[in-house]
Amino acid sequence: MWRSAVAFAPWRMGRAFSSAAAAASSKKWDAVVIGGGHNGLTAAAYLARAGLSVAVLERRHVLGGAAVTEEIVPGFRFSRCSYLQSLLRPSIIRDLELARHGLKLLRRNPSSFTPCLDGKYLLLGPDADFNHSEIAKFSKKDALSFPRYEEQLKKFCGFMDYLLDSPTPEISHDHSSLMCQLKDKLRKSTFWGHLVQQTVTLGQKDMFAKAFWEFYNVFDKLMLKLLLLKSPHWDFMDLLLSPASKVLNNWFETEILKATLATDAVIGTTASVHTPGSGYVLLHHVMGETDGERGVWSYVYIVISAIYSSQKHDLIPYGFLQALEKKCAPREMDFCCRYVEGGMGAVSKALSNSACESGAHIVTNAEVAHVMLDEATGMATGVALLDGTKIHASAVLSNATPYKTFVELVPPNILPEDFLCAIKNIDYSSATTKINLAVSRLPQFRCCNSNVLDPGPQHMGTIHIGSESMEEIDVASRDAFNMGMEEIDVASRDASNGIPSRRPIIEMTIPSVLDHTISPPGQHVINLFVQYTPYKLSEGTWQDPSIRESFAQRCFSLIDEYAPGFSSSIIGYDMLTPPDLEREFGLTGGNIFHGAMSLDSLFLMRPIKGWSGNRTPVKGLYLCGSGTHPGGGVMGAPGRNAASVVIEHLKSTKK
């Protein structure tokens, strides 16, 4: 019999960090960071490496934000929110020497397993021949199409890569001198020029002549330019703007393959596979580098099942990846997700170790009450904690969501009305519930006809439960939010009506099959990432224990259909619904991306139009979290971008 677990002896990040803020209040810092999530820690590390004094203030007792490891059931350490490593920028791993600071990655092979109730299954992994044979069980046509699908996504990811690594060319609001204005114009020209070069790689050789006049223009003109071009730009625009169902239907005929891939298009969103623009989310979740530097990226709640290499390795510390890269042709590089030894908190631990080594000061149990402003100039001068402690700084970086930052932390009647209205109207809705389980044995899937207790190929990667068609996903979404691939569609439909999906879409991972540091011998940690669960229920609330238990049992019973006896193996569990994610981790609306990743909320529109460059209407206050470009996920890029803006600003003011 299972039971819901109560938090027990959380795993703290590295050496003990003092929760007292006395030391932080004893001096004026160059920068103070609100929130010790991975982006806040990344920003702090870069600021400290630039020679700036920086303090990080974390509300909880443990660092990491959503990238955290905690011992909820005694003896079992859960990655409570994010659970896979696939998008952390390689340059950040290298710059901050995260391997030296303890980051170790465990490669999954196979990387994806989709069981069916009729006894069939689909495995996908890093070997092209293996994938061909698996897909050919369902469709020889799809087996031939799959490598071409991979290659197209790789090409598109190469184009998007520069955007992810660069701050947006946002119009600056506060240039104080002609020299600053000229430097800003030069930076934007460089950005657009490089982007045009990347566009040429998609196939249009006369692009330069058409694009010079657009160097100082914004994203809508870039989109118009791409719309006027011939294939393969049309393919790229089709992927950006189309529903994932249309994209996948154009490529494949097999429902199980389409549904396996379609989960990437709706993960962490309230969208259906039929929602326009969900094709972009499909791309965002499989982004990888195809030229130049390569590495393993990290993304909160992401599962990648489309891009693999032909190399075969089981456990790869990051330090060995560069040697591997030298052997691999670009098309052979591996972009599969990996587990992190010690759980996702080990990512935050490595970031905090790097930041502290460079001189950053990190404080836990330090909740910020509000941003302090100079009464005369309106500039941010630091923060005040709930206990009244005041910490002064020349720059304040907020790793909180845009809503939390501007509605709750900035004093009232300071921000422009239209700005505040736009911040409040960001889509913070969520369809995500995370269930972490401690189990006594591995699930035995009916379709595998195996009673062996040792881990098999079906246990290594992401296990897609209830994803035999896109229609299932769509129906589950509609019940929760009222909005075939049929099963995904069904799950989506459920959620649209304020009803937790009757047959949820579940992505199961079992990191303990590779990571033996997070569970007792012979027992396992299982992560369930569940769609769709609305923030607000049509009847009752998520605070009702009976409703929570009923939904948890619904998920476990669904898994029982595929793996009989699963429920009886559960020792304890921890469930985080959208309101729980908001309360426990500060994720407004329970949205894991700090705001929707729809096309109207990306690039120059993130978090809102006119303010995409990390700066805010309050001088000296900057955003550094996932609510800024390039968006959600354990990627680190928002934190690094914000640090570069702050470093440039502080250097200019000290001259």
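Residues numbered from 1 in each chain as written. Predicted model: local features only at pLDDT ≥ 70, side-chain atom pairs only at ≥ 80, totals over all residues. Heavy atoms only, no water.

Participant: Sorry if this is basic, but what is going on with the layout of surface pockets here?
Facilitator: Over the atoms rolls a probe the size of a water molecule, and in doing so it shows where empty space is left. Volume-wise, the second largest pocket comes out at about 600 Å³. Elements with a contribution of two residues or more to the lining of the second largest pocket: helix H1 (38-49), helix H14 (402-409) and helix H20 (578-585). Looking at the lining of the second largest pocket residue by residue, the class counts come to 15 nonpolar, 14 polar and eight charged. (1 Å grid on protein atoms, 1.4 Å probe; cavity = no way out; pocket = protein on both sides within 12 Å on 5 of 7 lines; lining within 4 Å. Points joined across faces, edges and corners; volume = space filled by probe spheres on them. Helix = DSSP H or I, 4+ residues; strand = E, 2+ residues; numbered from the N terminus. Nonpolar A, V, L, I, M, F, W, Y, C, P; charged D, E, K, R; others polar.)

Participant: It is not clear to me how the sheet that holds strand S17 (residues 570-576) should be interpreted in this structure. Could you clarify?
Facilitator: Think of a sheet as strands paired side by side through backbone hydrogen bonds, with each pair either parallel or antiparallel. Here seven strands make up an open sheet; going across it, the order is S7-S6-S14-S15-S16-S13-S17 and the pairing mixed. For this open sheet the edge positions go to strand S7 (121-124) and S17, each flanked by a neighbour on one side alone. Put simply, the sheet's adjacent strands are angled 20° from each other on average, direction ignored. As paired strands, strand S6 (residues 112-115) and strand S14 (residues 462-465) are joined by two bridges and run parallel to one another. (Pairing = 2+ DSSP bridges. Axes fitted to C-alpha atoms, helices over the stretch in contact; angles between N-to-C directions.)

Participant: What am I meant to see in the packing of H1 against helix H21 (residues 637-654) here?
Facilitator: When two helices pack together, their arrangement is given by the angle between the helix axes and by the axis-to-axis distance. For the pair H1 and H21, interaxial distance at closest approach is 7 Å and the crossing angle is 35°. You can see that H1 and H21 cross each other, and the crossing is right-handed. In this structure, H1 contributes Asn39, Thr42, Ala43, Tyr46 and Leu47 to the contact, and H21 contributes Ala637, Pro638, Gly639, Arg640, Ala643, Val646 and Ile647. (Left-handed = near helix turned anticlockwise from the far one by under 90°. Contact = heavy atoms within 4.5 Å.)

Participant: Help me understand the nonpolar core in this model?
Facilitator: As a rule of thumb, soluble globular proteins bury nonpolar side chains together. Counting 52 residues, the largest nonpolar core has Ile435, Leu437, Phe445, Met508, Leu528, Phe556 and Phe566 as its most contacted members. Going through the elements one at a time, strand S13 (432-439), S14, strand S15 (505-509), strand S16 (524-531), helix H19 (545-562), S17 and H20 are the ones with two or more residues in this core. It is H19 that contributes the most residues to this core, seven residues altogether. Residues in contact with Phe445, not counting those within four places in the same chain, are Phe113, Pro115, Gln458, His459, Ile463, Ile465, Met508, Tyr562 and Ala563. Formed by 42 residues, the second largest nonpolar core is a distinct cluster that contains Ala31, Ala43, Val56 and Ala67. (Core = buried A, V, L, I, M, F, W, Y, C linked by side-chain atoms within 4.5 Å. Buried < 20%, exposed > 50% of the residue type's maximum accessible area, 1.4 Å probe, protein only.)

Participant: Can you walk me through H1 in this structure?
Facilitator: Given 3.6 residues to a turn, an α-helix orients residues that are three or four positions apart in the same direction. With twelve residues, H1 extends 16 Å between its outermost C-alpha atoms, agreeing within 8% with the 16 Å of an ideal straight helix rising 1.5 Å per residue. Among the twelve residues of H1, eleven are classified as buried, and the element is accordingly described as predominantly covered. All of the buried residues in H1 are His38, Asn39, Gly40, Leu41, Thr42, Ala43, Ala44, Ala45, Tyr46, Leu47 and Ala48. Backbone geometry just after H1 places Gly51 at a positive phi near 90°. (Expected span 1.5 Å × (residues − 1).)

Participant: Any chance you could explain the packing of aromatic side chains here in plain terms?
Facilitator: Geometrically, a pair of aromatic rings is defined through the distance of the ring centres and the angle of the planes. The full count for this structure, using the stated rule, is 14 aromatic pairs. Measuring from centroid to centroid gives 5.6 Å for Tyr149 and Trp251, while their planes differ by 75°, and the two rings are edge-to-face. Separated by 102 residues along the polypeptide, Tyr149 in helix H4 (residues 140-165) and Trp251 in helix H9 (residues 244-251) bring together distant segments of the chain. The buried category is assigned to Tyr149, whose relative accessible area is 2%. A relative accessible area of 17% places Trp251 in the buried class. A connected cluster of aromatic rings, assembled from ring pairs, spans Phe146, Tyr149, Trp251 and Phe252. Positioned above the aromatic ring of Trp29, the side-chain terminus of Lys27 is 4.3 Å from the ring centre. Between Lys137 and the ring centre of Tyr121, over which it is positioned, the NZ or CZ distance is 4.0 Å. (Phe/Tyr/Trp six-rings, centres within 6.5 Å; stacked < 30°, edge-to-face > 60°. Lys NZ or Arg CZ within 6 Å of the ring centre and 35° of its normal.)

Participant: I would appreciate a short explanation of the pattern of salt bridges in the present structure.
Facilitator: Any two side chains of opposite charge can pair if their charged atoms end up close together. What the rule picks out here adds up to 16 salt bridges. A salt bridge links Arg89 to Asp165; its shortest N-O distance comes to 2.4 Å. On the criterion of sequence distance, the pair formed by Arg89 in the loop between strand S4 (76-79) and helix H2 (90-95) and Asp165 in helix H4 is long-range, its members being 76 residues apart. Its relative accessible area of 0% is what places Arg89 among the buried residues. Residue classification places Asp165 among the partly exposed residues on the basis of a relative accessible area of 25%. Between Lys404 and Glu408 there is a salt bridge whose closest N-O contact spans 3.0 Å. Here the residue Lys404 and the residue Glu408 both occupy positions in helix H14, the gap between them amounting to four residues, near one helical turn. When its relative accessible area of 26% is taken as the criterion, Lys404 is described as partly exposed. Taking relative accessible area as the criterion, Glu408 reaches 41% and is therefore assigned partly exposed. (Salt bridge = Lys/Arg side-chain N within 4 Å of Asp/Glu carboxyl O.)

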